[in-house]
Amino acid sequence: MTPPETDNFRRAVSRVMRNKPKGKRMKIGFVGLGNMGAPMARNLAAAGHQITGFDPVAPCPTGVTPARNGAEAAAGAEVVITMLPSGPILRDVAAGLHGAMTAGAVHLDCSTVDVESAQAVAQAATGAGLQALDAPVSGGVGGAQAGTLTFMAGGPQAAFDKAAPLFAVMGQKAVLCGGPGMGQAAKICNNMILGVTMIGTCEAFALADRLGLDRQAMFDVVSTSSGSSWTMTAYCPAPGVGPDSPADNDYRPGFAAELMLKDLRLAQQAAEAAGADTPLGEAARDLYARFVGAGGGEGRDFSAMLPWFEGRRRRG
Ligand code: NAD
């Protein structure tokens with residue numbers, strides 16, 4: 001569901017956009033206007049770009065001209081952005097977009113998908129006389145709304161340079177990681193580390209509880225010791241400890257556990273295809289699958305592993 005647009009939120013967006021660099025006004029097609037796509041498209045429109053959008057379900061956000069289908073959104077655009085749920089949907093949508101796009105235009109896919117789909121879509125785009133860039137994001141819905149996403153991109157330098165002014169509006173950092181698919185590779189490697197680290201941090205808090213170690217004391221030590229990580233210092237899974245995080249908001253996401261599971265599955269799919277040995281990534285995927293399934297984690301933040309561990313006891 002797209003977050004509601006309050007007056008305060010609109011004022012905050014326009015404040016953010018006033019401080020962004022103003023590039024050349026571009027004609028942009030935007031396909032996939034869900035939780036992430038809608039605020040990204042809205043920010044581009046607020047920065048003065050001409051956006052035509054399409055989504056079969058979600059409404060067009062403020063400032064975006066609605067199209068009847070993806071091809072209509074893509075026609076005549078210099079850059080077509082897709083923000084879709086999965087690789088198979090991206091492949092399907094791309095097949096309908098490429099034929100409608102102007103020669104030399106950039107297909108900028110910001111969805112999180114499997115490396116293979118990203119590379120197949122890039123190859124199809126190149127075959128159709130287009131440029132392609134996979135550029136998944138980190139930063140979640142909050143980052144999309146605030147225009148503070150991080151983009152990790154894969155594709156040619158020329159396509160990256162063309163998309164750079166759009167990255168500057170939608171985010172605070174963009175890194176060209178290599179050729180086609182390397183943005184997706186960077187995203188799944190990062191999120192595999194994140195999933196594994198979050199589980200480790202939650203396990204350690206659950207163990208500390210059983211040992212009678214105070215959570216605040218544990219935070220004070222670990223946050224400045226060798227066990228420190230982003231999950232401890234910036235996104236602490238224990239309520240009332242460390243900086244404000246989803247744990248302090250009844251584990252409302254944030255970054256939902258099912259999205260973490262999606263990324264861990266993509267990481268294992270890539271590891272299997274590449275023959276990489278990733279035992280902790282595999283264990284993290286299996287644990288998140290149990291948490292999201294029988295563990296009641298669906299719809300909760302991925303840090304809600306901590307209360308799940310609290311309620312569990314060692315087997316045997
Ligand atoms: P979402 O489900 O809210 O939005 C996806 C949109 O795609 C929906 O509105 C859906 O109607 C639309 N769609 C589906 N099929 C379509 C089609 N054939 N043609 C056009 N539109 C179609 O998902 P989201 O949270 O916006 O995530 C989008 C992508 O961003 C995903 O790949 C996700 O993994 C990634 N991502 C999400 C987050 C997050 O916190 N939500 C964070 C980082 C990355």
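Our subject is the structure listed above.
Here is a short report on the structure shown in this document. (Residues numbered from 1 in each chain as written. Predicted model: local features only at pLDDT ≥ 70, side-chain atom pairs only at ≥ 80, totals over all residues. Heavy atoms only, no water.)

### Observations regarding the packing of helix 5 (residues 115-127) against helix 8 (residues 182-211)
A pair of packed helices is captured by two measures, namely the crossing angle of their axes and the spacing between those axes. Test applied: Every axis in this analysis is a line fitted to C-alpha atoms, fitted for helices over the stretch in contact. Angles between the N-to-C directions lie between 0 and 180 degrees. The helix and strand labels rest on DSSP assignments: H or I over at least four residues marks a helix, E over at least two residues marks a strand, and numbering proceeds from the N terminus. Small angles under 35 degrees read as roughly parallel and large ones over 145 as roughly antiparallel, with 65 to 115 read as roughly perpendicular and the rest as oblique. Handedness of each helix crossing follows the sense of rotation of the near helix against the far helix: counterclockwise by less than a right angle gives left-handed, clockwise gives right-handed. Residue contacts are counted whenever heavy atoms from the two residues lie within 4.5 Å of one another. Residues are sorted three ways: Asp, Glu, Lys and Arg are charged, Ala, Val, Leu, Ile, Met, Phe, Trp, Tyr, Cys and Pro are nonpolar, and all the rest, Gly among them, are polar.
Direction vectors running N to C along helix 5 and helix 8 enclose 165 degrees, while the axes themselves pass 8 Å from each other. If you check the angle between helix 5 and helix 8, you find them roughly antiparallel. When the axes of helix 5 and helix 8 are compared, the crossing they make is right-handed. Residues Val115, Ala118 and Gln119 of helix 5 form the contact with helix 8, whose participating residues are Met182, Gln184, Ala185 and Ile188. For the contact of helix 5 with helix 8, a count of residues per class yields five nonpolar, two polar and no charged.

### Let's talk about the packing of aromatic side chains
For clarity, the threshold we go by: Working definition: a ring pair exists when centres of Phe, Tyr or Trp rings (six-membered ring for Trp) sit within 6.5 Å. Plane angles under 30 degrees give stacked, over 60 give edge-to-face, the rest tilted. The rule is simple: take the accessible area with a 1.4 Å probe, protein chains only, and divide by the maximum for that residue type; under 20% is buried, over 50% is exposed, in between is partly exposed. For a lysine, the NZ atom is tested; for an arginine, the CZ atom; a charge sits over a ring if that atom is within 6 Å of the ring centre and within 35 degrees of the ring normal.
Within this structure, the stated rule accounts for eight aromatic pairs. An angle of 40 degrees between the planes, with centres 4.6 Å apart, marks the rings of Phe151 and Phe167 as tilted. Pair noted here: Phe151 is in strand 8 (residues 149-154) and Phe167 is in helix 7 (residues 157-170), with a separation of 16 residues, a long-range link. What makes Phe151 buried here is its relative accessible area of 1%. A relative accessible area of 3% means that Phe167 is categorised as buried. Taken together, a centroid distance of 5.9 Å and an interplanar angle of 40 degrees make the contact between Trp308 and Phe309 tilted. A relative accessible area of 14% means that Trp308 is categorised as buried. Taken together, Trp230, Tyr235, Phe255 and Phe302 form an aromatic cluster joined through their ring pairs. Over the aromatic face of Trp308 sits the side chain of Arg312, whose NZ or CZ is 4.2 Å from the ring centroid.

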